[in-house]
Protein chains: 2
Amino acid sequence: MAVIGLDLGGTKLAVALFTEEGSLLYKERVPLTLLQGEATGALIADRITALKNRFPETAITGAGICVPGIYYAKTGNVWCPNIKGWENYPLGKRLSEACGAMPIVIDSDRACYILGEAWKGTAKGCNNAIYLSVGTGIGAGILSGGAVVRGQHDIAGAIGWMALAQPFQLPFKQYGCFEHSASGEGIARYTRELLDTMNDYNGLLRAIDAERLKAQHVFEAFEQKDVLATAVIRHCVQFWGMAAANLVSLFDPEKIIFGGGVFGPAQKLIPDIREEAAKWAQPVSMPSVLFVPGSLGADAGLYGAASLVLQKAIPYPNHDQ
Amino acid sequence: MAVIGLDLGGTKLAVALFTEEGSLLYKERVPLTLLQGEATGALIADRITALKNRFPETAITGAGICVPGIYYAKTGNVWCPNIKGWENYPLGKRLSEACGAMPIVIDSDRACYILGEAWKGTAKGCNNAIYLSVGTGIGAGILSGGAVVRGQHDIAGAIGWMALAQPFQLPFKQYGCFEHSASGEGIARYTRELLDTMNDYNGLLRAIDAERLKAQHVFEAFEQKDVLATAVIRHCVQFWGMAAANLVSLFDPEKIIFGGGVFGPAQKLIPDIREEAAKWAQPVSMPSVLFVPGSLGADAGLYGAASLVLQKAIPYPNHDQ
């Protein structure tokens, strides 16, 4: 018995077939050039059909899809801001029609990240674990008492909006305080702000065109002990530590897993983040919480998507419409 | 069929008998003078037996107990810092031995507050709702997807430790940033700090012996538009708003319920707290979240205790030891 996982990203669709025990049988990555609504839906349906045809002898239990946005469990619709026409796109209905009797299960990227790590990664065996994803944006997949925290509108875990620093600043309105301050974009933005004010700084980051400056440049300069990069990264460590502390105090988890593009280069900062968090967090919970990088890397969403088929999650066609 | 609820507070034990539909049949409050461990356990067992004897014709399904601290579901033990000898007291075992075949169910005060409001109060019908209790300390009872968020060690919801303001200050180590800043004790403490620095202030609060100053005095002075009290309350509204915003962004709840001794007098500030929260919170969740006072007042824990008997919660004797 096998399960299909699909992870829809900004520039590619990852497709995989796993055994129900989680062994990878096949994986492909399809580049996405035109992120148009209906075409993207058709592409996903097409890859599921192609995978079924490629493995005609394999009994496939179902297909799970990880989407970069929100999955509305009640309707089977999705909201994905980076895909034109997916404001409230009926992905569940679309795929169920295309894939016949095969059960289709969908969830958000952040839910899939933690479910993937819980299935075959570093959260295996955990009932209470949190995946903190820091990339262009920031989100959290939260497993509490063995279930993903979904909220009333399936948008729980919007941790990029966490309020961590007074006073309120207008840019928080657009991204949220935490995401503004410590996402990949936030790192670049804060560096640009400091470049504007630190007139006597003439280090590595001054040489880069400010508009092209990315978090990666800051991490590279930090490795070289650049003073501006160090200030930016210390600033981020404080935010990451405070946010992690708040997750410890609220959820009393076994593990906080750091993932996304920024962790990556920020993985080596996890001990510093833990030290910052320990200052703020509920002191009875804190000593037993492990702060770890994800073990599935960029495949966490793909594993999570496949694991959806094996969850208690109800596949789309059985939902009340 | 009826259920017993007991709410153990700092100075009294509230005892009640409810129908399974939640109608109050009987209520008494027993003052607690000696908060000694074994004597308190014996008192609770005694009141349960007395209540059974008082209603000999009534079939009683079980007894639920709300404790001011932590209930360890795996062992049936409790940790209550205000009760001498209850660092890891086997309350479940003690009551089960004393009460014969009657199922005994125990939970923490913050879990009972939200379960009480969900049973017969303002959270009735909610699957996602949070009780923010602000009194001497601060805690949160969190209902997510219909279940109480418990965490790995039954200490989730320790929201008094939420990090909301940089930089870190040493007193946060003792109470947590949020509790230090905006609990009942925090209000008094911050007022005393301002009294020490605002030498030109000669308002209502200057007349009160600083050591005897309580949050209640500050609320009374705030009603009189006292300038110092106004500064303190505005400071608290910012913290309460930021904390509520973080609950909105993380949990996407239907309702945030404000309770505890401070709400009370702070109930009329709920619109201001909502306005502050709306600046920070995830903007898709925020418009639909109701900010409301609890409707059961000081009885929320008592109702919640009784409702434990009707929950899927496993009564003590069935736990693995």
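Residues numbered from 1 in each chain as written. Chains lettered and ligands numbered in written order. Predicted model: local features only at pLDDT ≥ 70, side-chain atom pairs only at ≥ 80, totals over all residues. Heavy atoms only, no water.

S.K.: What am I meant to see in the packing of aromatic side chains here?
M.R.: By convention here, two paired aromatic rings are described through the distance between centres and the angle between planes. Per the counting criterion, the structure on display carries 25 aromatic pairs over all chains. Considering the side-chain rings of A:F18 and A:W119, the 5.6 Å spacing of their centres and the 70° angle between planes classify their relative orientation as edge-to-face. Of the two residues, A:F18 sits in strand 2 (residues 12–19) while A:W119 sits in helix 3 (residues 109–120), which places them 101 residues apart along the sequence. For the pair shown, A:F18 and A:W119 are each scored as buried. The interplanar angle of 45° and the centroid separation of 5.6 Å between the aromatic rings of B:F258 and B:F291 together place this pair among those described as tilted. Residue B:F258 is located in strand 11 (residues 255–259), and its partner B:F291 is located in strand 12 (residues 290–293); the two are separated by 33 residues in the primary sequence. The burial state of B:F258 is the same as that of B:F291; both residues are buried. Cation over ring: A:R189 sits above A:Y175, and NZ or CZ is 4.0 Å from the ring centre. Directly above the ring of A:F291 sits A:R274, whose terminal nitrogen or CZ lies 5.2 Å from the centroid. (Phe/Tyr/Trp six-rings, centres within 6.5 Å; stacked < 30°, edge-to-face > 60°. Helix = DSSP H or I, 4+ residues; strand = E, 2+ residues; numbered from the N terminus. Buried < 20%, exposed > 50% of the residue type's maximum accessible area, 1.4 Å probe, protein only. Lys NZ or Arg CZ within 6 Å of the ring centre and 35° of its normal.)

S.K.: I'm lost on the state of the cysteines in this one. Help?
M.R.: The term disulfide refers to a covalent linkage connecting the sulfur atoms of a pair of cysteines. All names here are of chain A. For the structure shown, the criterion picks out zero disulfides over all chains. Here C80 is not disulfide-linked; the sulfur of C66 is the nearest cysteine sulfur, at 9.4 Å. In this structure C80 comes out as buried when scored by relative accessible area, which is 1%. Between C177, a cysteine without a disulfide, and C236, which holds the nearest cysteine sulfur, the sulfur-to-sulfur distance is 12 Å. On the basis of relative accessible area, C177 is assigned to the buried category, the value being 1%. (Disulfide = S-S within 2.5 Å.)

S.K.: Looking at this structure, how should I read the side chain of A:T19?
M.R.: Residue and element names in this part refer to chain A. One can find T19 in strand 2. Assessed through its relative accessible area of 16%, T19 is described here as buried. Excluding anything up to four places from it in sequence, T19 contacts M1, A2, V3, L25 and W119. (Contact = heavy atoms within 4.5 Å.)

S.K.: Is there a simple way to explain the pattern of salt bridges in this structure?
M.R.: When charged atoms on two side chains of opposite charge get close, those side chains can pair. If you walk through the whole model with that rule in mind, you get 21 salt bridges over all chains. Across the salt bridge formed by A:E38 and A:R94, the nearest N and O atoms sit 2.5 Å from each other. Of the two residues, A:E38 is situated in helix 1 (residues 37–54) and A:R94 in helix 2 (residues 91–99); the sequence distance between them amounts to 56 residues. Across the pair B:E276 and B:K279 runs a salt bridge whose closest N-O atoms are separated by 3.3 Å. On the criterion of helical spacing, the pair formed by B:E276 and B:K279 is a turn pair, its members being three residues apart in helix 9 (residues 270–280). We classify B:K279 as partly exposed; its relative accessible area is 31%. (Salt bridge = Lys/Arg side-chain N within 4 Å of Asp/Glu carboxyl O.)

S.K.: Is there a simple way to explain the domain arrangement of chain A in this structure?
M.R.: Residue and element names in this part refer to chain A. Entries for chain A in the domain assignment read domain 1 (2–115 + 299–318) and domain 2 (127–295). Listed as interface residues are twelve residues of domain 1 and, on the opposing side, 19 residues of domain 2. Of the roughly 1100 Å² buried between domain 1 and domain 2 on both sides combined, carbon and sulfur atoms contribute 62%. The largest per-residue losses of area from domain 1 upon contact with domain 2 belong to R110, Y113 and I114, which jointly make up 56% of the total buried on that side. Our count for the domain 1 to domain 2 interface comes out at one salt bridge. The closest approach of N and O atoms between D107 and R150, which form a salt bridge, is 2.8 Å. Here domain 1 and domain 2 share four residue pairs in polar contact (both at pLDDT 80 or more) between them. Residue assignment for the side of domain 1 that touches domain 2 shows that the elements contributing at least two residues are strand 5 (70–72) and helix 3. If one sorts the elements of the side of domain 1 that touches domain 2 by residue count, helix 3 sits on top with five residues. A per-class count over the side of domain 1 that touches domain 2 returns nine nonpolar, no polar and three charged. (Domains from an automatic or database assignment. Buried area = accessible area lost by both parts, 1.4 Å probe. Polar contact = N/O pair within 3.5 Å; in protein donor to acceptor, adjacent residues only side chain to side chain. Nonpolar A, V, L, I, M, F, W, Y, C, P; charged D, E, K, R; others polar.)

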